[in-house]
There are 2 protein chains.
Amino acid sequence: MRKSGKNLKLTVAYDGSAYHGFQRQANALTVQQVLEETLGVLLGEPIVVAGAARTDAGVHAYGQVVSLWTNSRVPTDRIPPALRSMLPRDIAVVEAEAMDESFHARFSATGKLYSYRILNSARPDPLRRNYCWQIAKPLNMTAMQTALSHLVGEHHFGAFQSAGSSAKNPVRTLYKATCGQQGDLLEFQFHGNGFLYHMVRNIVGTVIDVGLGKTSLDDFQTIFSGRDRRKAGATAPGTGLYLLRVFYEKP
Amino acid sequence: MRKSGKNLKLTVAYDGSAYHGFQRQANALTVQQVLEETLGVLLGEPIVVAGAARTDAGVHAYGQVVSLWTNSRVPTDRIPPALRSMLPRDIAVVEAEAMDESFHARFSATGKLYSYRILNSARPDPLRRNYCWQIAKPLNMTAMQTALSHLVGEHHFGAFQSAGSSAKNPVRTLYKATCGQQGDLLEFQFHGNGFLYHMVRNIVGTVIDVGLGKTSLDDFQTIFSGRDRRKAGATAPGTGLYLLRVFYEKP
């Protein structure tokens, strides 16, 4: 069905701490609900947005993308500044662009870039409690980087897919899977053509077990090639996860 | 009056976003109130703490220090871990130490180290909204660093003292006043033997005017040597300010 009006692409940043994830839920506040309600007021008509990624509760975004159709005559470039005073301070629309009618935030996406932040310190840090996963014990960076290097390329990621995933085909391509360190802060980055449900958080949970020495590199390989989620590590908390960017270029 | 029991020094970190500053107030929630109430439960007696610095609403701390007297037999080293599950997640006691009877968090302090963070970007950043002061326009780092260098040493800081200050003598010594840059994040650091009411925030507000080209270096010098607060820049917001450390060594 062809929609009428303009097809808009909005880039959205948010602090996920106060929300039950991106996607609308009946009895909990989500980023999508706040966006749709606020856009509805600005654009003067009911708005439904399609999000590129369904980020979970507590997960943050610097570059979530949503698309929406509107008949409003509000100029596209006025939308981000107008929303600034209308949205709560933990959500911001940083860019708006009119797209051709084929564009869809989720279906047109060709890749995503996530980061995951670890605070590797025994000292409690109230300022970063919502923005990382704190690991008190020392981590073996070299072992973790080696484990991550095995994930790059096209693989069956069944071992890192949580129950509840709707994906029928768990084969994905990771272009990048790295971990860097700056002081007591570790940052993982994952760039791939698509991600299964909880895939980044399950990878991080399992790689951290490697860093802690609980899982050997051989066992990591066995878990990965065994494609069995029950053998992998725990799901890392949502607080450390950031959706940095969604790509629409053809790879 | 000599107090009975142990004289404890606690080092406290907090995210100031949800509090009306450190010091107790009749009708607003403060860090001191939460600390005293929680310590009262743990130690089994009413507790009054003395804080090294009266941080304002929204101001953060990695190294606030409080002292308190208690007759409790809870071992000193058990206090930080015990408080972990009792305090809200935005306040943490990171260290506890028994001191001799002369120690007082405020009166024994010989210096403090503050940092002030600026986000120098036009792009809204919901994730850092409570943790910095956002300046959209470009800043002249060299001019700001020159202005800061004039402040180092023993000076009359009347130009940077807000009304409401209780200090009779506005002469203070700054050992360090710097500004560094990493990407779009600027960090000021101020180490001094003492700070007047709003002194760091008033310095930052005025130095930012220098960085924006609104105030020349000559005018900055005139403002500083003129000792007249009305000539200086606006008070920078509390959200960007961090109490990093309180010193007790003799200089």
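Please read these numbers as outputs of a predicted model, since none were measured by experiment.

Colleague: Teacher, can you tell me more about the overall build of chain A here?
Modeller: Helix and strand counts for chain A come out as 5 helices and 10 strands. On C-alpha atoms alone, chain A measures out to a radius of gyration of 19 Å, which is about the 18 Å that the 2.2 N^0.38 rule sets for 251 residues. Out of the 251 residues in chain A, the part that is buried amounts to 40%. Contacts in chain A between residues far apart in sequence, at least 24 positions, make up 71% of those at least 6 positions apart.

Colleague: Honestly, helix H4 (residues 199–211) of chain A in this entry has me stumped. Any pointers?
Modeller: Note on helix geometry: an α-helix contains 3.6 residues per turn, so any two residues three or four positions apart are oriented the same way. All names here are of chain A. Between the first and last C-alpha of H4 there are 18 Å, a value that for 13 residues agrees with the 18 Å anticipated at 1.5 Å per step. Taken across its 13 residues, H4 has 12 buried, putting it largely inside the fold. Of the residues making up H4, those classed as buried are Met199, Val200, Arg201, Asn202, Ile203, Val204, Thr206, Val207, Ile208, Asp209, Val210 and Gly211. Packing partners of the buried residues in H4 comprise strand S5 (111–120), strand S6 (133–135), helix H3 (141–149), strand S9 (185–192), helix H5 (217–226) and strand S10 (241–247). The first or second residue beyond H4 is Gly213, which carries a positive phi of 85°.

Colleague: Which parts of the structure should I look at to understand the environment of Arg245 of chain A?
Modeller: All names here are of chain A. Along the chain, Arg245 falls in strand S10. On a C-alpha basis, the gap between Arg245 and Met99 in space is 18 Å, while along the polypeptide they are 146 residues apart. The residues contacting Arg245, other than those within four sequence positions of it, are Gly63 and Leu113.

Colleague: It is not clear to me how the pairing of S5 of chain A should be interpreted in this structure. Could you clarify?
Modeller: Taken residue by residue, a regular strand's side chains alternate between the two faces of the sheet. Residue and element names in this part refer to chain A. By the criterion of burial, S5 is predominantly enclosed, with 7 of the 10 residues buried. The pairing of S5 with S10 spans 6 bridges and is classified as antiparallel. Residue Tyr116 lies in a different strand from S10, and its bridge partner there is Leu241. Looking at chain direction, S5 and S9 are connected through 8 bridges and run antiparallel. In the strand pairing of S9, Tyr114 is matched with Phe190. Across 3 bridges, S5 lies against S6 in parallel orientation.

Colleague: Help me understand the relation of the copies chain A and chain B, please; the structure alone is not making it clear to me.
Modeller: Both copies of the chain are placed relative to one another by a rotation about an axis and a shift along it. Superposition record for chain A on chain B: RMSD 0.0 Å, screw rotation 180°, translation along axis 0.0 Å. Within this description, the copies of the chain are treated as partners about a two-fold rotation axis. In terms of C-alpha distance to the rotation axis, chain A has Arg128 of chain A as its closest residue, with the C-alpha 5.5 Å off the axis. Here 100% of the contact residues of chain A are again contact residues in chain B; the copies associate through an equivalent surface.

Colleague: What am I meant to see in the interface of chain A and chain B here?
Modeller: It is common to report an interface's size as the accessible area lost on association of the parts. On the side of chain B, 16 residues touch chain A, which itself brings 16 residues to the contact. Broken down by secondary-structure element, the contributors of at least two residues to the side of chain A that touches chain B are strand S1 (6–14) and strand S4 (91–99) of chain A. Among the elements that take part in the side of chain A that touches chain B, S4 of chain A stands out by supplying 3 residues, more than any other. Looking at the side of chain A that touches chain B residue by residue, the classes come out as 8 nonpolar, 1 polar and 7 charged.

Colleague: Before we go on, may I ask you to explain the environment of His150 of chain B in this structure?
Modeller: Residues and elements named next belong to chain B. With respect to the secondary-structure elements, His150 resides in the loop between helix H3 (141–149) and strand S7 (153–156). Taking the C-beta count within 10 Å as the criterion, His150 has 14 such neighbours and is therefore assigned partly exposed. Considered as a pair, His150 and Thr206 are 56 residues apart in the sequence and their alpha carbons are 13 Å apart.

Colleague: For this particular structure, what's the right way to read unusual backbone geometry?
Modeller: Trans peptide bonds make up the majority, and among non-glycine residues the majority have a negative phi. Residues and elements named next belong to chain A. Residues other than glycine seldom take positive phi values, yet His198 does so here, at roughly 65°. Tracing the chain through its elements places His198 in the loop between S9 and H4. Residue His198 is classed as buried on the basis of its C-beta count, with 22 C-beta atoms lying within 10 Å.

Colleague: Got a minute to help me understand the packing of H3 of chain A against H4 of chain A in this structure?
Modeller: The relative placement of two packed helices comes down to the angle between their axes together with the axis-to-axis distance. Residue and element names in this part refer to chain A. Closest axis-to-axis distance for the H3/H4 pair is 8 Å, and the angle between their directions is 140°. Here H4 runs oblique to H3, going by the angle between their axes. Considering the relative orientation of H3 and H4, their crossing is right-handed. The residues of H4 that touch H3, namely those facing Ala143, Met144, Ala147 and Leu148, are Val207, Val210 and Gly211. By residue class, the composition of the contact of H3 with H4 is 6 nonpolar, 1 polar and no charged.

Colleague: What's the story with the confidence of the model for chain A in this structure? I'm lost.
Modeller: Detailed reading of the predicted coordinates is not advisable wherever pLDDT falls low. Chain-level statistics for chain A give a pLDDT mean of 94 and a share of 98% at 70 or above. Here the prediction assigns the complex a pTM of 0.91, and the interface score ipTM is 0.87.

Colleague: Where do I start with the environment of Gly183 of chain B in this structure?
Modeller: Residues and elements named next belong to chain B. Its location among the elements puts Gly183 in the loop between strand S8 (171–182) and strand S9 (185–192). Residue Gly183 is classed as exposed on the basis of its C-beta count, with 8 C-beta atoms lying within 10 Å. Along the chain, Gly183 and Lys137 lie 46 residues apart, while their C-alpha atoms are 14 Å from each other.

The rules behind each value
- Throughout, a residue's number is its position along its own chain's written sequence, starting from 1.
- Throughout, the order in which chains and ligands are written sets their labels, letters from A for the former and numbers from 1 for the latter.
- Per-residue local features are limited, in this predicted model, to residues with pLDDT of at least 70; the limit for side-chain atom pairs, both in listing and counting, is 80 or more; totals at the level of whole chains, interfaces and linings are taken over all residues.
- Secondary structure elements follow DSSP: runs of H or I no shorter than four residues count as helices, runs of E no shorter than two count as strands, and numbering proceeds from the N terminus.
- Each radius of gyration is computed over the set of C-alpha atoms, and the globule rule expresses the reference value as 2.2 Å times the number of residues to the power 0.38.
- Residues with at least 20 neighbouring C-beta atoms inside 10 Å of their own are called buried, those with 12 or fewer are called exposed, and the rest are partly exposed, where every C-beta is derived from the backbone.
- Contacts here follow a simple rule: the backbone-placed C-beta atoms of the two residues must lie within 7 Å.
- Expected helix span is given by 1.5 Å per residue-to-residue step, counting one fewer step than there are residues.
- Between any two strands, at least two bridges found by DSSP are needed for them to pair.
- The least-squares superposition of copies is restricted to C-alpha atoms, and to residues with a pLDDT of at least 70 in both copies.
- For this classification, the nonpolar set comprises Ala, Val, Leu, Ile, Met, Phe, Trp, Tyr, Cys and Pro, the charged set comprises Asp, Glu, Lys and Arg, and every other residue, Gly included, is treated as polar.
- Note on method: axes are straight lines fitted to C-alpha atoms, helices fitted across the in-contact stretch only, with angles between N-to-C directions ranging 0 to 180 degrees.
- Note that the term roughly parallel is reserved for angles under 35 degrees, roughly antiparallel for angles over 145, roughly perpendicular for angles of 65 to 115, and oblique for everything else.
- Working rule for handedness: look at the near helix, and if it is turned counterclockwise from the far one by less than a right angle, call the crossing left-handed; if clockwise, right-handed.
- As a per-residue quantity, pLDDT reports the predictor's confidence and falls between 0 and 100.

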